[in-house]
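Descriptive structure summary
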Amino acid sequence: MSLIEVKDISKTFKVSKRRGGVPGMLANLFVPKFERKEAVKNISLSIEKGEMVGFIGPNGAGKSTTIKMLSGILYPDSGEIIVDGFIPYKQRKNYVGRIGVVFGQKSQLQWDLPVIDSFELLKAIYRVPDAVYQKNLSRFTEMLDMGSFIRQPVRQLSLGQRMRADIVAALIHSPEIVFFDEPTIGIDVVGKETIRSFIRELNEQDKVTMLFTTHDMQDIEKTCKRLVIIDGGTKVYDGTLGGIREQYGTSRQLDVEFAGRAEIAPIDKVEMETIDENKKRFIFENRDIQINELMNQILSRYQVRDINISEPDIESIIRKIYNREVDGI
Ligand SMILES: Nc1ncnc2c1ncn2[C@@H]1O[C@H](COP(=O)(O)OP(=O)(O)OP(=O)(O)O)[C@@H](O)[C@H]1O
Ligand SMILES: [Mg+2]
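Keep in mind it's a predicted model, so treat the numbers as computed, not measured.

Overview of helix H5 (residues 130-143)
Over its 14 residues, H5 runs 20 Å from end to end, which matches the ideal 20 Å to within 8%, given 1.5 Å per residue. Taken residue by residue, H5 has Tyr133, Asn136, Leu137, Phe140 and Thr141 as its buried positions. Projected onto a plane normal to the axis of H5, the buried residues spread over an arc of 110° and lie on a single side. The exposed residues of H5 that point more than 90 degrees off its buried face are Ala131, Lys135 and Glu142. Positioned one or two residues after H5, Asp145 has a phi angle of 50°, which is positive.

Some details on the sheet that holds strand E12 (residues 279-285)
By way of backbone hydrogen bonds, the strands of a sheet pair with one another, either parallel or antiparallel. The antiparallel open sheet is built from four strands, whose spatial order is E11-E12-E10-E13. Strand pairing shows two members of the sheet lacking a second neighbour, strand E11 (271-276) and strand E13 (304-310), which therefore form its edges. Between one strand and the next, the sheet's axes are offset by a mean angle of 20°, whatever the strand orientation. Here seven bridges tie strand E10 (residues 251-258) to E12, and the two strands are oriented antiparallel to one another. The residue of E12 that forms the bridge with Arg252 is Phe284. Sheet strands in contact with helix H10 (residues 291-301) are E10, E12 and E13, and its direction is about 20° off that of E10.

Regarding the site of ligand 1
Within the structure, ligand 1 sits among 14 residues, and Asn59, Gly60, Lys63, Thr65 and His215 are positioned closest to it. In the model, an oxygen atom of ligand 1 is placed 3.1 Å from a nitrogen or oxygen of the Ala61 main chain. Of all the elements in the fold, those that place two or more residues in the shell around ligand 1 are strand E1 (4-17), strand E2 (33-47) and helix H2 (63-70). Among the elements that line the shell around ligand 1, the one with the most residues is H2, at three residues. Its residues assigned to classes, the shell around ligand 1 shows five nonpolar, six polar and three charged.

Definitions and limits used
- Chains are numbered independently. Their residues run from 1 in the order of the written sequence.
- Here every chain gets a letter starting at A, and every ligand a number starting at 1, in the order they are written.
- Per-residue local features are limited, in this predicted model, to residues with pLDDT of at least 70; the limit for side-chain atom pairs, both in listing and counting, is 80 or more; totals at the level of whole chains, interfaces and linings are taken over all residues.
- Values shown for side chains rest on all heavy atoms present in the structure; no hydrogens or waters enter the calculation.
- Strands are runs of DSSP state E lasting at least two residues, helices are runs of H or I lasting at least four, and both sets are numbered from the N terminus onward.
- A helix is expected to reach a length of 1.5 Å times the quantity of its residues less one.
- Note on classification: 1.4 Å probe, protein chains only; a residue is buried when its accessible area is under 20% of the maximum for its type, exposed when over 50%, partly exposed between these limits.
- Along the arc lie the directions from the helix axis toward the C-beta atoms.
- Strand pairing is assigned whenever DSSP identifies at least 2 bridges connecting the two strands.
- Axis lines are fitted through C-alpha atoms, for helices just across the contact stretch, and the angle between N-to-C directions can take any value from 0 to 180 degrees.
- Contacts are assigned to residue pairs with any non-hydrogen atoms lying within 4.5 Å of each other.
- In these notes, residues near a molecule or strand are those with any non-hydrogen atom within 4 Å of it.
- N or O atoms closer than or at 3.5 Å make up a polar contact, with two conditions inside protein: a donor-capable atom paired with an acceptor-capable one, and, for residues adjacent in sequence, both atoms drawn from side chains.
- Under the grouping applied here, Gly and all other residues not named as nonpolar or charged are polar, the nonpolar ones being Ala, Val, Leu, Ile, Met, Phe, Trp, Tyr, Cys and Pro and the charged ones Asp, Glu, Lys and Arg.

Structural data, given as structure tokens:
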């Protein structure tokens, strides 16, 4: 059995349907109408101890809802979740000490208190032994460069500082499992790098198991080997980061600069775009035509000055998956 086992979970929200105008407002009061929003539909997921999994999907895909169910904040309508032997929403009291949760969009710190006071409070709540607390505190504050603001009230912190403080707050009790829901949102490039290397170290050295939600593909590329994509509440991909290129990124592109104005005849099964007067881009599937065959066709007919082959990057493949422009989802 894996450390995190999710079987067929679903979650539907009841959203009140507001009607406009005075009669509508009265009707809302006396005969409220609801519509159902299926946020998560039959998601299954197994995560092994020490794994670091990127969890992505477009806005409204159901990522935060899934993380809330995993951390025991929400219960699923159907299906099962077992994390480290616990059923999160049923055994919440004992379970919370085993996990850490970071919601980038919502701080869990005490707004008016110095950062360090929030940490002390969490130490008491989780009954963290003094030695463990001191060790974590000094290690994490150094790694995240927090010395300069740890005694300042949270409300005075910049977003990047607050996020780092929130991350430490979620980890002060040495949880074995951490759920990150957009821990890099709104953070600048340098700050993102700091957070990424912190997360990486925690995973590599401490073997902390993590699920990492983000809209920044670089976060995933720099930290996770495995990627789970959800869309419309269902899982559309679960595999390695490289595997996604094999499965969906099979198209190749060939940019050709011709020696002079190019009037190129269409080539079967190859899409052609004009970049400028002398340059064309040929987009094709490997299974339709081999690269050397295409190059031969072009080189034998036209005068070529430069040629450049490239593969689609992960980000453009993900974009296609979100837009449902790829087969198989
Ligand atoms: N408490 C709630 N009540 C009603 N609907 C909700 C609630 N929470 C989420 N939803 C709906 O469920 C769907 C999934 O939301 P969720 O927050 O899980 O998406 P997400 O993948 O985290 O998106 P984002 O990338 O924007 O954070 C959305 O359509 C959202 O409007
Ligand atoms: Mg979310």
